[in-house]
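Coordinate analysis (summary)
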Amino acid sequence: MAQISMTVNGKARKANVDPRVLLVHFLREHLRLTGTHIGCDTSQCGSCTVLLDGRSAKSCTIFAVQADGSEITTIEGLAPDGQLHPLQHAFWEEHGLQCGYCTPGMIMAAVTLLEDNPKPSEREIREGISGNYCRCTGYQHIVNAIQRAAEKR
Amino acid sequence: MPTSPVLPKLVGQRVKRREDPRLIQGRGTYVDDIALVGMLHLAFKRSDVAHGRIRSIDTSAAEAMDGVEAVFTGAQIAEFLAPMPIGTPFPSPDHRAVAVDTVRYGGEAVAVVVASDRYLARDAADAIVVDYDTLPAVVDLELAMTGQPTVIHSAFPNNLAVALVPSGTGVSASGVDDSAIDEAFAKAEVVISQRMMNQRLAPSAMESRGVVAHYEPGKGTMTIWSSTQNPHILRTFIAAMTGLGQDQVRAIAPEVGGGFGAKINIYAEEYVTAAISKRLGIPVKWIEDRSEAFVATTHGRDILGYVDLAAKRDGTVLGLKLRLIADIGAYNMLLTAAIPTLTMMMANATYRIPAIRTTLTEVFTNKTPTDAYRGAGRPEATYFVERAMDMLARELQMDPAELRRKNFIQPNQFPFVTQMGATYDSGDYEKALDKALETAKWEALKAERDAARAQGRLVGLGLAMYVEVCGIGPSSSLPTGGWEHSQVTIERDGRISATTGASPHGQGNETTFAQMLADQFGVPLEHVTILHGDTGVVKQGIGSFGSRSQAVGGTALHLAGAKVKTKMAKFAAALLEAHEDDLVFQNGMISVKGSPAAGKSFASVASYAYVPVPLPEGLEPGLSDEAFFEPSNNTYPFGCHIAMLEIDRETGEPTLLKVVAVDDAGHLINPLIVEGQIHGGLAQGIGQALIEEVVYSEEGQLLTGSFMDYAIPRAIDFPHFELEATVTPTPVNPLGAKGVGEAGTLGSTPCVVAAAVDALSEFGVKHIDMMLRPEKLWRIIQGGAS
């Protein structure tokens with residue numbers, strides 16, 4: 001067992017974990033933050049995307065011990081004051097989700113996309129979210145949502 | 001006097017979804033989010049050979065691990081779990097939830113571990129040692145039909161799961177009359193003949209499957225949470241397989257992260273999880289890994305078609321022969337054998353075809369079983385017929401749109417009885433075609449294509465029509481029953497609760513159904529709650545598949561609402577001293593027609609109905625009623641899809657430049673949600689055309705067992721889809737709604753392939769089998785055969 005400490009959604013957390021425990025399992029099962037999902041086991045789908053020290057990262061690709069000392073934001077921590085984040089609001093307005101399973105990861109990936117490129121073109125959005133799979137929407141309403149959020153920034 | 005704001009009509013409006021606030025905040029509860037006190041975890045040991053006899057299983061190392069509660073082999077499971085049931089009347093081989101002596105596909109379960117956490121459960125499963133006598137793997141479906149290289153199930157010679165008698169023109173209970181089909185081909189001035197493969201696909205909902213089962217020994221009841229499209233069907237089968245009554249089983253579909261047909265089937269893991277929970281008297285959980293999903297969740301499509309289309313040189317279609325061979329994998333699952341029969345059923349497509357003959361053979365192979373995948377049989381029919389029509393247009397040098405126009409079933413011919421025995425409810429195919437041509441600017445697009453070609457670019461256009469069968473019912477067409485159920489309750493405070501058996505997994509029923517009730521009762525949307533997915537709350541139901549939620553489930557809701565409204569009007573009439581027929585429900589009030597001031601608030605009438613002093617004569621207290629709705633027929637939505645595609649001359653890489661989809665689903669409740677459904681269908685249909693394919697090696701090993709090898713379409717793979725609609729209501733239900741969940745997958749696949757063939761027409765290519773990977777296209781450009 002390894003002792004780790006990290007800040008998750010603004011709260012200091014300490015835990016003893018098996019070194020092989022993935023960050024996503026630590027978040028979901030130890031901290032019960034189940035908004036971060038698991039869609040594959042090969043780091044393709046992006047359902048598990050969180051912010052690691054402010055940058056989007058696939059939490060199934062990282063061991064919890066590797067995140068020791070870091071700051072993590074999950075979908076539950078994106079809108080700490082109860083107001084929806086502009087991306088959450090835009091996904092709702094534009095029908096950017098159906099089953100909702102990929103949505104938390106998609107939103108977290110979009111957070112970093114818009115930080116890097118505040119006024120992306122449609123093409124740049126499509127490229128920017130191509131590390132995140134959605135099987136329901138055909139992506140069009142997701143692209144619309146990210147465009148809308150960019151316009152509102 | 002109470003006043004209230006004027007409420008807008010909501011049906012037909014782009015109302016944003018009521019499901020979304022929880023989902024965009026990560027507050028939805030999917031199966032893997034459920035944790036019960038004392039819950040243990042299951043992991044399956046799966047076969048790593050495609051076909052083999054189990055010589056021995058050594059579970060001792062697994063059992064010795066600290067934290068392992070139990071290990072069961074297939075033989076031990078068989079002591080308390082009956083063989084797997086199916087949902088069709090076709091003959092089926094013996095199929096155990098966990099293999100007992102023979103494995104018949106790679107990934108078939110051979111043992112199961114119960115342990116204190118999921119990591120340990122997997123470790124223990126890995127520690128089980130299985131020794132196999134490997135048998136030859138049956139992989140090629142046409143070879144399989146000859147019994148080569150071996151026979152998988154001894155009771156099914158030549159691996160023939162189903163060898164159906166012919167169907168179509170001249171086929172009746174009394175025999176087969178070939179004269180009409182023979183005459184059609186004798187008269188033909190041109191015959192198009194093509195072998196086409198509609199390849200195997202992995203449905204790949206982003207949430208893989210998962211189950212939590214909790215048997216409570218004291219009460220003798222079972223609660224099972226599963227990522228399923230149909231909790232009521234799950235309850236039926238779980239009760240039968242665990243020896244419980246249906247009243248003792250509660251099945252819950254919590255948030256379900258997509259289904260696409262693959263979560264209709266009731267799976268071995270659901271039975272095993274339930275049976276082990278009952279045996280051990282503790283809650284247990286199983287969550288499928290993605291790599292596990294590729295072998296353990298049913299695949300879709302995989303049907304070979306030999307298509308012959310007979311026509312006159314003026315383009316008049318005379319006859320169609322369709323010989324179908326389906327590779328169904330190793331076993332029959334819930335609906336497996338029935339899916340390809342839908343391909344036969346829809347062979348008539350949108351055309352007046354005077355003579356059709358189809359035959360269907362279903363073949364066992366050493367692969368994961370197939371079952372429904374979005375469209376389920378209808379995309380295959382559309383693909384075979386539309387590809388043949390496209391080839392005919394090319395042969396006759398006709399515009400593909402004009403060839404279709406010449407052969408359409410005409411609006412005045414509905415209801416139209418097809419050569420396959422289906423009765424198309426309503427349609428106006430030319431209207432959809434014209435709308436698509438207009439939206440795509442077809443003539444300008446052709447000029448654009450020709451200009452691009454003049455510059456040496458490989459650009460092509462494709463067009464496809466489709467008609468599909470949706471709103472599945474009546475009961476004669478579905479072994480589970482072809483109805484849907486709803487109960488509508490006006491609560492004491494005037495808010496509305498309604499249940500629906502149409503259990504959604506992304507379709508937005510909580511929104512569309514609330515829109516309907518808000519309009520029906522003249523109350524705000526926020527005052528309506530739609531309950532679903534829990535057999536403890538929803539008394540009866542069938543489920544969501546076959547694009548039936550709105551057409552069948554929505555109608556049941558509407559009818560239940562109408563019953564309650566009639567009763568509520570009687571209470572209001574007593575209060576207002578008016579006649580119940582003179583009342584209107586609007587803006588949160590029930591008032592006398594023409595004098596809105598003479599009214600009572602909706603909530604006050606509700607309150608009165610629960611404390612009815614005095615009780616109006618002939619009325620019982622309360623406001624709650626239910627309806628079962630069984631449609632008299634299926635619905636038949638239709639549409640036209642157009643694609644423009646460019647192929648890189650150097651690399652063979654295809655790029656979609658334009659996609660236009662015109663879909664007619666009848667009346668729409670929420671066009672925003674409908675658009676989303678069509679977008680998703682287009683993505684899966686285009687995915688099949690361009691990048692998706694399940695591939696097995698000659699040894700029956702799955703070569704596309706993860707998202708690294710099986711290509712799920714990404715955002716970058718698509719252009720901006722252009723959507724339009726025509727509206728041709730169905731007479732089959734009072735809403736006029738036909739269903740839209742699968743439509744996108746029908747037209748998109750053949751129109752993209754047609755566009756690729758058109759792009760490569762300078763190389764003399766007439767057909768290319770999917771998927772259209774660059775290497776295949778590059779070879780054609782280099783002068784090789786397709």
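Residues numbered from 1 in each chain as written. Chains lettered and ligands numbered in written order. Predicted model: local features only at pLDDT ≥ 70, side-chain atom pairs only at ≥ 80, totals over all residues.

1. Focus on the overall build of chain B
Broken down by element type, chain B carries 20 helices and 31 strands. Computed over C-alpha atoms, the radius of gyration of chain B comes to 28 Å, within 12% of the 28 Å expected from 2.2 N^0.38 for 786 residues, which places it in the range of a compact globule. Considered along the principal axes of its C-alpha atoms, chain B spans approximately 85 × 70 × 55 Å. Across the 786 residues of chain B, 59% fall into the buried class. Taking contacts inside chain B between residues at least 6 apart in sequence as the whole, the part at least 24 apart equals 79%. (Helix = DSSP H or I, 4+ residues; strand = E, 2+ residues; numbered from the N terminus. Rg over C-alpha atoms; globule rule 2.2 N^0.38 Å. Buried ≥ 20, exposed ≤ 12 C-beta atoms within 10 Å, placed from the backbone. Contact = placed C-beta atoms within 7 Å.)

2. Overview of the interface of chain B and chain A
Of the residues lining the interface, 43 residues belong to chain B; the matching set on chain A comes to 43 residues. Contributing elements (two or more residues each) for the side of chain B that touches chain A: helix H1 (20-24), helix H9 (290-296) and helix H18 (671-690) of chain B. By residue number, the principal contributor to the side of chain B that touches chain A is H18(B), which donates 7 residues. Classifying every residue of the side of chain B that touches chain A gives 19 nonpolar, 14 polar and 10 charged. (Nonpolar A, V, L, I, M, F, W, Y, C, P; charged D, E, K, R; others polar.)

3. Comments concerning the packing of H18(B) against helix H19 (residues 744-759) of chain B
Residue and element names in this part refer to chain B. The geometry of H18 relative to H19 is characterised by a closest axis approach of 7 Å and an angle of 35 degrees between their N-to-C directions. Between H18 and H19 lies a crossing of right-handed hand. Packed against H18, whose contacting residues are Ile678, His679, Gly680, Gly681, Leu682, Gln684, Gly685, Ile686, Gln688, Ala689 and Leu690, the element H19 presents Gly744, Thr745, Leu746, Ser748, Thr749, Val752 and Val753 at the interface. The residue inventory of the contact of H18 with H19, partitioned by class, reads 8 nonpolar, 10 polar and no charged. (Axes fitted to C-alpha atoms, helices over the stretch in contact; angles between N-to-C directions. Left-handed = near helix turned anticlockwise from the far one by under 90°.)

4. A closer look at unusual backbone geometry
All names here are of chain B. The omega angle of the peptide bond from Val613 to Pro614 is 0 degrees, so this bond is cis rather than trans. Going from Met770 to Met771, the amide bond is cis rather than trans, its omega being -10 degrees. Relative to the helices and strands, Met771 is located in the loop between H19 and helix H20 (774-781). Of note in the backbone geometry, Glu577 takes a positive phi value of approximately 50 degrees without being a glycine. Considering the arrangement of structural elements, one finds Glu577 in the loop between helix H16 (549-576) and strand E25 (583-586).

5. Structural notes on the environment of Arg123(A)
Residue and element names in this part refer to chain A. Within the secondary structure layout, Arg123 lies in helix H4 (residues 122-128). A count of 11 C-beta atoms within 10 Å places Arg123 in the exposed class. With 58 residues separating them in the primary sequence, Arg123 and Val65 have C-alpha atoms 36 Å apart.

6. Side note on the sheet that holds strand E14 (residues 249-252) of chain B
All names here are of chain B. Spatial ordering of the open sheet is given by E3-E5-E1-E15-E12-E13-E14, a layout of 7 strands whose pairing is mixed. Both edges of this open sheet fall to strand E3 (68-73) and E14, since each of them pairs with a single strand only. The average angle at which neighbouring strand axes cross in this sheet is 20 degrees, direction not considered. As paired strands, E3 and strand E5 (residues 109-115) are joined by 5 bridges and run antiparallel to one another. Looking at the pairing, Thr73 lines up with Ala111 of E5. Running at roughly 140 degrees to E14, helix H7 (residues 231-242) makes contact with strand E13 (221-226) and E14 of the sheet. Packed on one face of the sheet, helix H8 (residues 268-280) meets strand E1 (40-46), E3, E5, strand E12 (210-216), E13 and strand E15 (284-287) and runs near 25 degrees to E12. (Pairing = 2+ DSSP bridges.)

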